Amino acid sequence: MTEPGAAPAAFGPALSRLFIVQFFSWSAMFALWIYAVPIVAANVLHLPGAGPRGLQPAIVTVGLCFSAYAALGTTGSLLLPRVIARFGHARVHGLALLCGAAGLAIFGMAREAIALVPAVVAIGIGWAAIGSIPYAVLAGLVPPGRGAHFTRLFAFSTVIPQVATTIGLVMLADRFLAGKPERVMALAAVAMGLAGVLTLVWRRHFAPADLVEAEW
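Residues numbered from 1 in each chain as written. Predicted model: local features only at pLDDT ≥ 70, side-chain atom pairs only at ≥ 80, totals over all residues. Heavy atoms only, no water.

**Quick word on the packing of helix 3 (residues 89–109) against helix 8 (residues 182–201)**
And then number 1: The contact between helix 3 and helix 8 brings their axes to 8 Å, and the two run at 170°. Relative to helix 8, the element helix 3 lies roughly antiparallel.
And then number 2: Here the contact of helix 3 with helix 8 is built from residues that sort into 15 nonpolar, seven polar and two charged. (Axes fitted to C-alpha atoms, helices over the stretch in contact; angles between N-to-C directions. Helix = DSSP H or I, 4+ residues; strand = E, 2+ residues; numbered from the N terminus. Parallel < 35°, antiparallel > 145°, perpendicular 65-115°, else oblique. Nonpolar A, V, L, I, M, F, W, Y, C, P; charged D, E, K, R; others polar.)

Have a look at this one:
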C-alpha cells in the first residue's frame, strides 16, 4: 500500500517518458523560433544577405506567422477537452504532434508565401497540444499533496530543451547547416515527429485514471 504523499510505482517511468516527449517537442519549437526568420528571408522572400534592415520583411512575415499559429493554438486548446474526452490524452497529443511535425517540414520546404499557410495551421495544432495536454497529464499523475513540487520540477522540461537546442545548433552550424537553415526545420520536424510517435507508443503511461476531463 502506498504511503500518503508517496509516488505510485508507475509514476516515475511515466514522468520520465513525459519528459522525453517534452524534450523533443520543445526542441523542435525552439529551432523554429531561432531559424524562422533566415528561412523565410532566404527561401520564401528571396532577400539578399543584408543586415537587420534588409531582413525587415522576413521579420514581419514571421511575426504574422507566429501570431497566427499562436491564435490557432489558443483556439484549439479550448476545443481539446471534448476531443480528449472521446479519444484520450495520449492519442490526441501524439496526433497533434505529428501534425506539428508536418507543419515544420512544410515550413522548411516553403518557396512561396502561400505555402506558409498550411504550415502555420499544422504548427498551430501541435502548439495547442504542447501548451496544455502535458500539464493536464502531469496533474493527473502526481501524487496527492505533491503537485507544487512536481510542477516546479516539470518546468525543466522546457528549460533543458532550450539550452540543448541552442548549444546543439551552434555546434552544428558550420558543418551541418552550410548556409541552408531549412535543414534545421528538417531536424525540428524529425524531433517533433519522434515526440508524436513516442506519445502514441507510450499512451498507456499517459492515461491517469484519476484525471477528470470536467476539470479542464
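Let's pick the thread back up.
**A closer look at the layout of surface pockets**
And then number 1: Space inside the largest pocket adds up to approximately 240 Å³.
And then number 2: Elements that contribute at least two residues to the lining of the largest pocket include exactly helix 1 (11–44), helix 7 (156–177) and helix 8.
And then number 3: Per-element accounting of the lining of the largest pocket gives the leading share, six residues, to helix 7.
And then number 4: The residue makeup of the lining of the largest pocket, split by class, is 12 nonpolar, three polar and no charged. (1 Å grid on protein atoms, 1.4 Å probe; cavity = no way out; pocket = protein on both sides within 12 Å on 5 of 7 lines; lining within 4 Å. Points joined across faces, edges and corners; volume = space filled by probe spheres on them.)

**Regarding the packing of aromatic side chains**
And then number 1: Counted under the stated rule, the structure contains eight aromatic pairs.
And then number 2: Seen from their ring centres, Trp26 and Phe30 are 5.9 Å apart, and the 40° between their planes marks the pair as tilted. Residue Trp26 and its partner Phe30 are both found in helix 1; the two are separated by four residues, about one turn of the helix. With respect to burial, Trp26 and Phe30 carry one shared label: buried.
And then number 3: Pairing Tyr69 with Trp127 gives two aromatic rings, centres 6.1 Å apart and planes at 85°, and the pair type is edge-to-face. On the criterion of sequence distance, the pair formed by Tyr69 in helix 2 (residues 56–87) and Trp127 in helix 4 (residues 116–130) is long-range, its members being 58 residues apart.
And then number 4: Here a set of aromatic residues connected by ring pairs shows up, and it is made of Trp26, Phe30, Trp33, Phe66, Tyr69 and Trp127. (Phe/Tyr/Trp six-rings, centres within 6.5 Å; stacked < 30°, edge-to-face > 60°. Buried < 20%, exposed > 50% of the residue type's maximum accessible area, 1.4 Å probe, protein only.)

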